[in-house]
Amino acid sequence: MAQLKLLSNGRFHVALMTSGSGQSEWNDLAITRWREDAALDSWGSFLFMRCDTDGAVWSAFDTAAFGLRGLRATLEVAVDGNEDVELRRLCITNGSHRLAELSATSYAELVLAPAATDAAHPAFNKLFVVTEIDRRSGV
């Protein structure tokens, strides 16, 4: 059974599941899309790892996959006490004697609206969120 961790400064809130999913909220606005689903747990924010050598992909929360590759990952998540911001740091340790080339990808569906509004009209709400790549900074 997945466990839930809650972080908050009273305005900015983060919910993290041990399965890797989770959500962020600010005041009454959902920052990321999340739905309660005990069977699939496929909503929220995720962090995926890929071994560039063999193409294997796994969730950064999946410690069994890390053990198979001799890798250990620690994801630290914090909510600042004064500023409404979420901080994440991924630390990876290679315990094997082999070189490992890895890629890390974070994923979340942005909402930027009240959660009830998004739940009632998720397709409509998606029309108003636009993202882009900034090639100069690589983000």
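Conventions used here
- Residues numbered from 1 in each chain as written.
- Predicted model: local features only at pLDDT ≥ 70, side-chain atom pairs only at ≥ 80, totals over all residues.
- Heavy atoms only, no water.
- 1 Å grid on protein atoms, 1.4 Å probe; cavity = no way out; pocket = protein on both sides within 12 Å on 5 of 7 lines; lining within 4 Å.
- Points joined across faces, edges and corners; volume = space filled by probe spheres on them.
- Helix = DSSP H or I, 4+ residues; strand = E, 2+ residues; numbered from the N terminus.
- Contact = heavy atoms within 4.5 Å.
- Patch = residues over 30% accessible without salt bridge, like charges linked within 9 Å, V, L, I, M, F, W, Y side chains within 5 Å.
- Areas by Shrake-Rupley, 256 points an atom, 1.4 Å probe, with all protein chains shown as cover.
- Salt bridge = Lys/Arg side-chain N within 4 Å of Asp/Glu carboxyl O.
- Buried < 20%, exposed > 50% of the residue type's maximum accessible area, 1.4 Å probe, protein only.
- Pairing = 2+ DSSP bridges.
- Axes fitted to C-alpha atoms, helices over the stretch in contact; angles between N-to-C directions.

1. Points about the layout of surface pockets
When its volume is computed, the largest pocket comes out at roughly 240 Å³. Along the wall of the largest pocket there are 14 residues; nearest its centre are F46, E86, R88, S106 and Y107. Listing elements by their share of the lining of the largest pocket, those giving two or more residues are strand 4 (29–32), strand 5 (46–51), strand 8 (86–94) and strand 9 (102–107). Broken down by element, the residue count for the lining of the largest pocket peaks at 4 residues, all from strand 8.

2. Things to note about the environment of V85
Secondary-structure assignment places V85 in the loop between strand 7 (71–79) and strand 8. Separated by 72 residues in the primary sequence, V85 and H13 have C-alpha atoms spaced 9.1 Å apart. Ignoring anything within four residues of it in the chain, the contact list for V85 reads F12, A78, V79 and D80.

3. Some thoughts on a nonpolar patch on the surface
On the surface, a cluster of nonpolar side chains totalling about 280 Å² of accessible area is made up of F48, V57 and Y107. For V57, a relative accessible area of 56% translates into the label exposed.

4. Points about the sheet that holds strand 2 (residues 12–17)
Across the sheet, 5 strands lie side by side as 1-2-3-4-10; this open sheet has antiparallel pairing. Across the chains shown, the open sheet's two edge strands, defined by having one partner strand only, are strand 1 (4–8) and strand 10 (110–113). This sheet shows a mean twist of 20° between the axes of neighbouring strands, independent of strand direction. Sheet topology note: the strand 3 (residues 22–26)/strand 4 ladder contains 2 bridges and is antiparallel. Within strand 4, the position partnered with W26 by the bridge is L29.

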